[in-house]
Amino acid sequence: MTGFEVRVNGRTHDDSPRPGQCLRTYLRGHGWFGVKKGCDAGDCGACTVHVDGTPVHSCLYPALRADGKQVTTVEGLATDGELHPVQEQFLAAQGFQCGFCTAGFLMTAAALDDEGRADLPRALKGNLCRCTGYRAIEDAITGVKHVEEPADGEAVGRNLGAPAGPQVVTGTARYTFDVDVPGLLHIKLVRSPHAHARITGIDTAAALAVPGVRIVLTHEDAPQRLYSSAQHEIVEDDPCDTRVFDDVVRHVGQRVAAVVGETEAAAEAGARLVRVDYEVLPAVTDAHAAMRPGAPVVHDKDPVEARIARPTDNVLAELHDEFGDFAAGLAEADAVYRGTFRTPRAQHAALETHGALAWFDAETGRLTVRTSTQTPFLTRRSLCALFDLPESDLRVVAGRVGGGFGGKQEMLVEDVVVLAALRLREPVKLELTRSEQFFGTTTRHPFTVEVEVGAKADGTLTALRVHVVSDTGAYGNHGPGVLFHSCGESIAAYRCPNKRTDAYAVYTHNVPSGAYRGYGLGQVIFAVESALDELAHRLGIDPLVLRERSAVRDGDTLTTASGPEEDLLIGSYGLDQCLDVVRAARAEPVGPVPGGWLVGDGAALSMIATAPPRGHFGEARLRLLADGTFELSVGTAEFGNGSTTVHRQLAASALRVATSRVSIRQSDTDLVRHDTGAFGSTGVVIAGTAVLRAAEAMVGALLGAAAERSGVDVSRCALVDRGVDCGGRVVPFSELAAGEPLTTTGHCDGTPRSVAFNVHWFRLAVDPGTGEVRVLRSVHAADAGQVLNPMQCRGQVEGGVAQGFGAAVAEHVDTGADGAVTTAAFRQYHVPTFADVPRTEVHFADVTDPLGPLGAKSMSESPFNPVAPAYANALRAATGVRFTDLPLTRDRVWLGLSRD
């Protein structure tokens, strides 16, 4: 082809596209990294650009068709250094969290006319956001402003914008693959078509004959060492059952080999030509069947070395405990409810897929891994153990991460890129496709929960029992932790003298399960909260009254199914205020409802620890720079959780300076000694505490240095704007920086821990003839302690509610009889769109927690947990039918009403 020319943001590109190349890859190949890859299929809108002024999904638009046209990406929206109005609006409303989808929304919104802005559900149907719950995006497009102007020393408690906001809206924020690495090689994975099989041979000759293919890596090239892809501070918490490449495959889609090529096309062609011979083995894909005698064994390993409870029974982990006498408590109950509840697999659906790059630094010879991870330090530790590397030889860094939700608390790609880099001594890249996210990463654990609960006539609980079976899939990953946590605060939230728990995490030949927002609590809370509502109906009392009479109270000792947790305390108590919010909301009148529709409302509560048990570490380092500003270094990653914003607010507040005078470096193992990672809702509570302690230490250092320089007693020194007032003379920070370097550190070990409470309430209308359900009102009350950034915390709640709503009404990863995932695309797996998610009213309890930084609690995971049971309880109140299986799709509702 000759004569190709396209103008991109005013710049001419005249190199011809490759045959079949889409416009997205062409643009990214020329450094326009604001164009994002989210789905490969035109389903998410993250790659939206303008072609001659018309928005298109560039992953579907052939690059060849752009010949002679004007293309505008998000980088080209601003003109003459001035932001486009829609960019200004997204900044003012903070219409983003992780920001990976934001460029697509900006490009779609910038092209809207008055008619489009008047019908946003239709106009935005081609764009997905997994973080925000869409309200903030709606506010941005309609011109609502939330961001306040910063003020010196008054950062905490204010609606200050994210430090990376300007980069997000201009497309210059750098995510994992938004870098140009010369000589980069590409990896594509060969995957198993069988649920269970032994590899008897691999023929790589045809693959190696493909021009550009450099190497094919198989189990013969991989370390023999077993490990867990799960990343936790305590390695022994997870089973040792995984290899980089194994000679036995245990689920459809398991990686078998890696083909490394000079181009993606070469690697893909080579992967298609790798011939693998299998001895197919019996498989089991049902968790209950897997525990029966004679079931195929998923992992025939030594139970001690592999840390598996009962390998031959496929039981990865189990928990059995009883407090009081459950049978006696049941006998004294005036009413008893028994029910079985099921929750399905769900996908995290982060818009940025898993991926990593690895290269050797030309000067130091050190290996650097750039990866989309929530745990850079733990990932470095795991890689060094796996490949026998000293930690000083490996640097792990995360750019801005495009969503996580627990899915990136795994090492699922980094081991492969390190293996390839060590073999070839050249830079390599592995980026998963959207389909691979569904069958090659992890899902939420499917749970079956049997509940038996009894109460006195006044609603006082006398007995509570749960029997839990969790399908951990082919590998243990987070199986034990999710199981134990699921039976923790879900049971501990209620006072009941007689409790019994029996729980099993079970291996099957299904896609592995892993960490997912709520970490098992959502599954068991759905069952317990549904059962309590049903019990209240049987007793003829108000479900809120039943909860108030039996919920834990301020001052209670918390006891989980794993036993007393001495460091878990009710540091502050806002549950009563949350329940009052719901009571007030439901007392308000119902608006107009179509004739024949049924109306009902329902609520559910949840409790969650503000940090994981038995150690979660954060560290921060603060340095005074020569210009009198401060550089804050933290290990924790930013993926829309907003920790960066709060960390800067905490430091600025302690130092009595404007947030603009605090710069942040993060997510890099070179910055601090250790950080456990951004999971378990720890970004504010643990990393934030470390930041605050580093800032408080800096205050002491500044006062001491100023006192010494001025000759004034330190007791007469005080921080003022950009300096220290020493008895009337102001010593500027820049002057203090000219002396001995001022650097301080702060550390937090994550104990003791507090708890946070959340209550959700829905009012629904149901059409019994079609099963259609409309949300008339959605209210969420959160016990978040001292809210450090109300705008941002509200966004976290709304995002958690939206994800919980998706799990309640739409989302399910389906598998066939052979265990193969059959919903491996967004168009089969329904992530809620702008039109699907109800706008939720968010209320915060007025409490201050003595255990959190400046009184704050965590609020990243907890809003997810009460949403599904509140929805199910409202549906029960409207229809009289108790639905026990999620998701509550329209067809399931219709069938349930038809059978009633």
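Keep in mind that this is a model prediction, so the values were computed, not measured.

Undergrad: So what's going on with the overall build of the chain? Residues and values would help.
TA: The number of helices and strands found in the chain is 27 helices and 33 strands. Each principal axis of the C-alpha distribution contributes one length, and for the chain these read about 80 × 80 × 60 Å. Put simply, the chain has 900 residues, and 64% of those count as buried. In the chain, 78% of the contacts between residues at least 6 apart in sequence involve partners at least 24 apart. Working note: accessible area of the chain is about 30,900 Å², and carbon and sulfur atoms make up 49% of it. Each charge class in the chain can be summarised by its mean position, and for the 84 positive and 111 negative side chains these summaries are 2 Å apart.

Undergrad: An account of the pairing of strand 30 (residues 743-748) is needed here, citing residue identities and associated values.
TA: Residues Thr 744, Gly 746 and Cys 748 of strand 30 are buried on one face, while the alternating residues Thr 743, Thr 745 and His 747, pointing to the opposite face, are not. Pairing of strand 24 (residues 618-624) with strand 30, which is carried by six bridges, proceeds in the antiparallel orientation. Within strand 30, the position partnered with Glu 619 by the bridge is His 747.

Undergrad: Describe the sheet that holds strand 24, listing the residues and the values that go with them.
TA: Within the open sheet, the four strands sit side by side as 26-25-24-30. Their pairing is mixed. Sheet topology places strand 26 (662-666) and strand 30 at the edges, where each strand pairs with a single neighbour. When strand polarity is set aside, the average angle formed by the axes of neighbouring strands in this sheet is 20°. Relative to strand 26, helix 21 (residues 643-655) is tilted by about 140°, and along the sheet it contacts strand 24, strand 25 (630-634) and strand 26. With respect to the sheet, helix 23 (residues 687-710) is in contact with strand 24, strand 25 and strand 30, its orientation differing from that of strand 30 by roughly 145°.

Undergrad: Before we move on, could you go through unusual backbone geometry and cite the residues and values that matter?
TA: The residue after Thr 751, namely Pro 752, is reached through a cis peptide bond having omega 0°. When you line up the elements, Pro 752 lands in the loop between strand 30 and strand 31 (755-766). In this chain, Leu 886 is followed by Pro 887 through a cis amide linkage whose omega measures 0°. For Pro 887, the location among the structural elements is in the loop between helix 26 (867-879) and helix 27 (890-899). Unlike most non-glycine residues, Gln 94 shows phi in positive territory, near 50°. By the element assignment, Gln 94 lies in the loop between helix 2 (85-93) and helix 3 (102-110). Overall, the relative accessible area of 12% leaves Gln 94 in the buried class.

Undergrad: Lay out helix 19 (residues 543-550) with the relevant residues and their values.
TA: For helix 19, every residue scored as buried is listed here: Pro 543, Leu 544, Leu 546, Arg 547 and Ser 550. All buried residues of helix 19 fall inside an arc of 160° around its axis, so they share one side. Where helix 19 is buried, its residues meet strand 19 (461-473), helix 18 (521-539), helix 20 (575-587), strand 23 (598-609) and helix 26.

Undergrad: Could you give me a rundown of the packing of helix 2 against helix 6 (residues 135-142), with the residues and numbers involved?
TA: Running from amino to carboxyl end, helix 2 crosses helix 6 at an angle of 135°, the nearest separation of the two axes being 8 Å. Here helix 2 lies oblique to helix 6, going by the angle between them. Crossing of helix 2 over helix 6 shows right-handed handedness. On the side of helix 2, the interface is formed by Gln 89, Phe 90 and Ala 93, while helix 6 contributes Ala 136, Ile 137, Asp 139, Ala 140 and Ile 141. Residue classes in the contact of helix 2 with helix 6 are distributed as six nonpolar, one polar and one charged.

Undergrad: Can you lay out the environment of Val 506 for me, pointing to particular residues and giving the numbers?
TA: As for its placement among the helices and strands, Val 506 is situated in strand 20 (residues 499-507). Between the C-alpha atoms of Val 506 and Ala 289, which are 217 residues apart in sequence, the distance is 9.8 Å. Sequence-distant contacts of Val 506, that is, excluding residues within four places in its chain, are made with Ala 287, Ala 290, Met 291, Asn 314, Val 469, Ser 470, Asp 471, Thr 472 and Gly 473.

Undergrad: I'd like to hear about the pattern of salt bridges, residue by residue, with values.
TA: Inspection of every chain in the model, using the stated rule, returns 58 salt bridges. For Glu 148, the salt bridge is made with Arg 158, and the minimal N-O distance between the two is 3.3 Å. Of the two residues, Glu 148 sits in the loop between helix 6 and helix 7 (165-170) while Arg 158 sits in the loop between helix 6 and helix 7, which places them 10 residues apart along the sequence. For the salt bridge of Arg 673 with Glu 619, the shortest nitrogen-to-oxygen distance reads 2.8 Å. Here Arg 673, found in the loop between strand 26 and helix 22 (682-685), pairs with Glu 619, found in strand 24; they are 54 residues apart in sequence, far enough to count as distant. On the accessibility criterion, Arg 673 (64% relative accessible area) is exposed. Taking relative accessible area as the criterion, Glu 619 reaches 7% and is therefore assigned buried.

Undergrad: Give me the lowdown on the packing of helix 21 against helix 23, citing residues and values where you can.
TA: Running from N to C, helix 21 and helix 23 point in directions that differ by 25°, and their axes come no closer than 9 Å. Considered as vectors, helix 21 and helix 23 are oriented roughly parallel to each other. When you trace helix 21 past helix 23, the crossing you get is right-handed. Residues His 647, Leu 650, Ala 651, Ala 654 and Leu 655 of helix 21 lie in contact with helix 23, whose contacting residues are Ala 687, Gly 688, Val 691, Leu 692, Ala 695, Met 698, Val 699 and Leu 702.

Undergrad: Tell me about a negative patch on the surface, residues and numbers included.
TA: Taken together, the side chains of Glu 5, Asp 14, Asp 15 and Asp 67 define an acidic patch exposed on the protein surface. By secondary structure assignment, the location of Asp 14 is in the loop between strand 2 (11-13) and helix 1 (23-29).

Undergrad: Pulling in residues and values, what's your account of helix 13 (residues 376-387)?
TA: Given 3.6 residues per helical turn, the α-helix brings residues three or four places apart onto the same face. In a regular helix each residue adds 1.5 Å, so 12 residues correspond to 16 Å; helix 13 covers 16 Å between its end C-alpha atoms and thus fits that length. Three or more residues of helix 13 are buried, namely Pro 376, Phe 377, Leu 378, Thr 379, Arg 380, Ser 382, Leu 383, Cys 384, Leu 386 and Phe 387.

Undergrad: Can you lay out the environment of Gly 704 for me, pointing to particular residues and giving the numbers?
TA: Examined against the element boundaries, Gly 704 turns out to sit in helix 23. As for Gly 704 and Gln 87, which are separated by 617 residues in sequence, their C-alpha atoms are 44 Å apart.

Undergrad: Lay out the sheet that holds strand 32 (residues 773-783) with the relevant residues and their values.
TA: In space, the four strands of this open sheet follow the order 23-31-32-33, with mixed pairing throughout. In the strand order of this sheet, the two ends are held by strand 23 and strand 33 (841-844), each with one partner. Ignoring strand direction, the axes of neighbouring strands in this sheet form an average angle of 15°. Where strand 31 lies against strand 32, 10 bridges are found, and the strand directions are antiparallel. Pairing of Trp 761 across the sheet is with Val 779, part of strand 32. Lying over the sheet, helix 25 (residues 790-809) contacts strand 31, strand 32 and strand 33, oriented at roughly 125° with respect to strand 33. This element, helix 26, spans strand 23, strand 31 and strand 32 of the sheet and lies at about 155° to strand 23.

Undergrad: Account for the packing of aromatic side chains, naming residues and giving values.
TA: In the structure shown here, the tally under the stated rule is 14 aromatic pairs. Between Phe 100 and Tyr 175, the aromatic rings sit 5.2 Å apart at their centres with planes inclined by 85°, giving edge-to-face as the arrangement. Of this pair, Phe 100 sits in the loop between helix 2 and helix 3 while Tyr 175 sits in the loop between helix 7 and strand 6 (185-191), and the two are 75 residues apart along the sequence. The exposure classification of Phe 100 matches that of Tyr 175, with both residues buried. Geometrically, the ring pair formed by Phe 762 and Phe 805 is tilted, given 6.2 Å between the ring centres and 45° between the ring planes. With Phe 762 in strand 31 and Phe 805 in helix 25, this pair connects stretches of sequence that are 43 residues apart. Pair check on accessibility: Phe 762 and Phe 805 agree, each one buried. Three or more aromatic residues joined by ring pairs make a cluster, and in this case those are Phe 105, Tyr 134 and Phe 834. Note that Arg 425 overlies the ring of Phe 360, its terminal NZ or CZ placed 3.9 Å from the centroid. For Lys 429, the ring lying beneath its charged end belongs to Phe 177, and the centroid distance is 4.9 Å.

The rules we used
Residues numbered from 1 in each chain as written. Predicted model: local features only at pLDDT ≥ 70, side-chain atom pairs only at ≥ 80, totals over all residues. Heavy atoms only, no water. Helix = DSSP H or I, 4+ residues; strand = E, 2+ residues; numbered from the N terminus. Buried < 20%, exposed > 50% of the residue type's maximum accessible area, 1.4 Å probe, protein only. Contact = heavy atoms within 4.5 Å. Areas by Shrake-Rupley, 256 points an atom, 1.4 Å probe, with all protein chains shown as cover. Lys, Arg positive; Asp, Glu negative; His and termini not counted. Charge placed at Lys NZ, Arg CZ, Asp CG, Glu CD. Pairing = 2+ DSSP bridges. Axes fitted to C-alpha atoms, helices over the stretch in contact; angles between N-to-C directions. Arc of directions from axis to C-beta. Parallel < 35°, antiparallel > 145°, perpendicular 65-115°, else oblique. Left-handed = near helix turned anticlockwise from the far one by under 90°. Nonpolar A, V, L, I, M, F, W, Y, C, P; charged D, E, K, R; others polar. Salt bridge = Lys/Arg side-chain N within 4 Å of Asp/Glu carboxyl O. Patch = residues over 30% accessible without salt bridge, like charges linked within 9 Å, V, L, I, M, F, W, Y side chains within 5 Å. Expected span 1.5 Å × (residues − 1). Phe/Tyr/Trp six-rings, centres within 6.5 Å; stacked < 30°, edge-to-face > 60°. Lys NZ or Arg CZ within 6 Å of the ring centre and 35° of its normal.

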